[in-house]
Amino acid sequence: MTEKRRILSGIRPTGKLHLGNYLGALRNWVDLQNDGGYECFYFIADWHALTSDYNRTEEIRENRVDIVIDWLAAGLDPKRSTLFVQSAVMEHAELFVLLCMITPLSWLERNPTYKEMKHELVDRDLSTFGFLGYPVLQAADIIMYKAYGVPVGVDQLPHVELTREIARRFNFLYREIFPVPEPLLTTVPKLLGTDGRKMSKSYDNAIYLSERGKELRRKIESMFTDPRRQRKSDPGRPEVCNVFAFHNIYSPPAEIAQIDEDCRRAAIGCVQCKKRLADRIEEGLRPIHDRQDYYRSNIREVHDIIADGNERARRVARATMAEVRDAIRI
Ligand code: TRP
Ligand code: SF4
């Protein structure tokens, strides 16, 4: 048997997962696991959460567990994938320190994500050493496991590119230890939040993976539709409607085609269209909700799964660090 190629990805614990997280990343992580050709490592990047929010730490622990529950509910299987927490594997910090020594400051200062975030998140203090070093910590996360591939969205490409440069530099300076990882681009379906902006917790426009019943219906009722369709008698344009984009994912093909037609000739109103969407989403999420309920009432099991994943990750990390120290002669 040839060795499986290793995949690694992570998420910051900023809150329970929403449909954007699920459809844009998690669903793909589950597919990679089920493919059978990969050995998957998925982790909670809790130190990374501190790089921009060091003064808002109240929810990190709770979020960590919520996210792992969402992972398990979505189909990540702890027997096949290693699910762990970054801060439980101290080796990440050690490798981070060592990589800091060899990373030119100019590589970090010219990082487009860094410049963009500093520009956009004006309400946060991003003038710390930790925030500038964000990609170095991310590089440590990735190369620690000698990952071949990193499934990420486009926003993370600059970070993976920096990781590749840091891995090459290490190999060149000391010894060829690290494979240069490939970004595995996840194509994100074009789904927006309820207000038509990118779905995000901080915009308060997200539909959560745990959402159901009245709450779910209320959110869907509030969704923006075709702005030119003011009255029910106005013909609509499904191609510009976010509700329709969701139907495209959650409804069967015949129903999608019917809504498309009925919307264009004003034979269906938005209220009814949204009701049908709520039914479909609820139906689609039911298996996930059932598993969320299961893990919520068996929370010990979740903690055991995390502890076991941490241990598995540590074993790999320890072996890598032994090689690294040896190569550096420290
Ligand atoms: N920066 C990633 C994000 O914000 C999270 C992350 C940290 C990550 N370390 C990683 C992703 C390593 C992939 C691999 O989404
Ligand atoms: Fe959108 Fe449906 Fe209204 Fe058409 S009928 S504009 S698809 S919500």
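Residues numbered from 1 in each chain as written. Chains lettered and ligands numbered in written order. Predicted model: local features only at pLDDT ≥ 70, side-chain atom pairs only at ≥ 80, totals over all residues. Heavy atoms only, no water.

Caption draft 1: Spatial organisation of the domain arrangement of the chain. Its domain assignment divides the chain into domain 1 (5-191 + 299-328) and domain 2 (213-292). Between the C-alpha centres of domain 1 and domain 2 the distance comes to 35 Å. Tallying the contact residues gives 12 residues for domain 1 and 10 residues for domain 2. Note on domain 1 versus domain 2: buried area summed over both sides is about 840 Å², and carbon and sulfur give 72% of it. Counting the surface domain 1 buries against domain 2, the share from its top three residues, Leu19, Ala73 and Leu191, is 57%. The interface formed by domain 1 and domain 2 holds zero salt bridges in total. Viewed at the interface, domain 2 and domain 1 are joined by two residue pairs in polar contact (both at pLDDT 80 or more). Contributions of two or more residues to the side of domain 1 that touches domain 2 are made by helix H1 (19-35) and helix H3 (60-74). It is H3 that contributes the most residues to the side of domain 1 that touches domain 2, five residues altogether. (Domains from an automatic or database assignment. Contact = heavy atoms within 4.5 Å. Buried area = accessible area lost by both parts, 1.4 Å probe. Salt bridge = Lys/Arg side-chain N within 4 Å of Asp/Glu carboxyl O. Polar contact = N/O pair within 3.5 Å; in protein donor to acceptor, adjacent residues only side chain to side chain. Helix = DSSP H or I, 4+ residues; strand = E, 2+ residues; numbered from the N terminus.)

Caption draft 2: Representation of the site of ligand 1 within the structure. Around ligand 1 lies a shell of 13 residues, among which Arg12, Tyr134, Gln138, Asp141 and Gln156 are the nearest. Arg12 places a side-chain nitrogen or oxygen 3.0 Å from an oxygen atom of ligand 1. Tyr134 places a polar side-chain atom, nitrogen or oxygen, 2.7 Å from a nitrogen atom of ligand 1. For the shell around ligand 1, the elements supplying multiple residues, two or more each, are strand S1 (5-11) and helix H8 (134-144). Here the shell around ligand 1 takes four residues from H8, the largest share from any one element. Here the shell around ligand 1 is built from residues that sort into six nonpolar, five polar and two charged. (Near = heavy atom within 4 Å. Nonpolar A, V, L, I, M, F, W, Y, C, P; charged D, E, K, R; others polar.)

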